[in-house]
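So you can see what is in the structure, the chains are spelled out below.
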Amino acid sequence: MLKPHEASYHYKLFLLKLAHALMRFGEPMHKIDEQLTAAAEFFGLDAQFILLSTVVIAIFRGSHGSPSQTHFIQRSQGLSLDHLRRTHIIYHAVVHDEISVTEGIYQLSYIASSSEPVGAFWKVVFAFFAGAAISPVGFSGSVADSLVAGSLSALLQVVQLWGDQDVLFVGIFECATFALFVMFPLTEPRCTGWPLRF
């Protein structure tokens, strides 16, 4: 049986690991806020969460005169549906008292350290096909538009894999790549009348 201050420490650690895992595996930001707030209420913690694009700020207010604690969790968002599903299972099990908080912390650490089920090569291939498929479906693009969009989508995936540790670099490059290399080539032929359609 954990003492109250030990339990509080484990609850906070679980929430921080949960926030990190949800951000890393692709949970939408508004859902992260809902889940962290619900878990904090379940644990009886007076906590507030502020979410920015790649940062979660967790503020744990102290009780009985103890000082507040502020934690910053920074992580570039990725997407791993298998890991995200496993994270949700652990969250549900802890909140419904099926497993202990310390077991939940251990399992979240295990998931975070496990490898991705899909390698880097296949991520680039899937990115190409996703970019190529969305051009004709979403924007009535031609075959040439699909090839351009697929190639640039694959390039963006390569940059995300290459700059995984540098959040600022990837964020700036994502915006620049999307604005300059995806939107401009797909909209410019329609404005200037270039004969790129087959």
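So, a few notes on the structure that sits alongside this text. (Residues numbered from 1 in each chain as written. Predicted model: local features only at pLDDT ≥ 70, side-chain atom pairs only at ≥ 80, totals over all residues. Heavy atoms only, no water.)

## Considering unusual backbone geometry
- In this structure, Asp-97 takes a positive phi of about 55° despite not being glycine.
- Using a relative accessible area of 60% as the deciding quantity, one classes Asp-97 as exposed. (Buried < 20%, exposed > 50% of the residue type's maximum accessible area, 1.4 Å probe, protein only.)

## A word on the nonpolar core
- Phe-14, Leu-15, Leu-18, Leu-36, Phe-43 and Val-56 are the most contacted members of the largest nonpolar core, which has 30 residues in total.
- Put simply, the parts of the chain that give this core at least two residues each are helix H1 (4–25), helix H2 (29–43), strand E2 (55–60), helix H3 (81–95) and helix H4 (101–113).
- With sequence-adjacent residues up to four places away left out, Phe-43 is seen in contact with Tyr-11, Phe-14, Leu-15, Val-94 and Val-101. (Core = buried A, V, L, I, M, F, W, Y, C linked by side-chain atoms within 4.5 Å. Helix = DSSP H or I, 4+ residues; strand = E, 2+ residues; numbered from the N terminus. Contact = heavy atoms within 4.5 Å.)

## Examining helix H5 (residues 120–139)
- Its 20 residues give H5 an end-to-end C-alpha distance of 28 Å, which sits within 8% of 28 Å, the value for a rise of 1.5 Å per residue.
- What H5 keeps buried is the set Val-125, Ala-127, Gly-131, Ala-132 and Ser-135.
- Of the residues one or two after H5, Ser-140 is the one with positive phi, at around 55°. (Expected span 1.5 Å × (residues − 1).)

## With respect to the environment of Ser-113
- Checked against the element boundaries, Ser-113 lands in helix H4.
- In this structure the side chain of Ser-113 is engaged in a polar contact, spanning 3.0 Å, whose partner is the backbone oxygen of Tyr-110. (Polar contact = N/O pair within 3.5 Å; in protein donor to acceptor, adjacent residues only side chain to side chain.)

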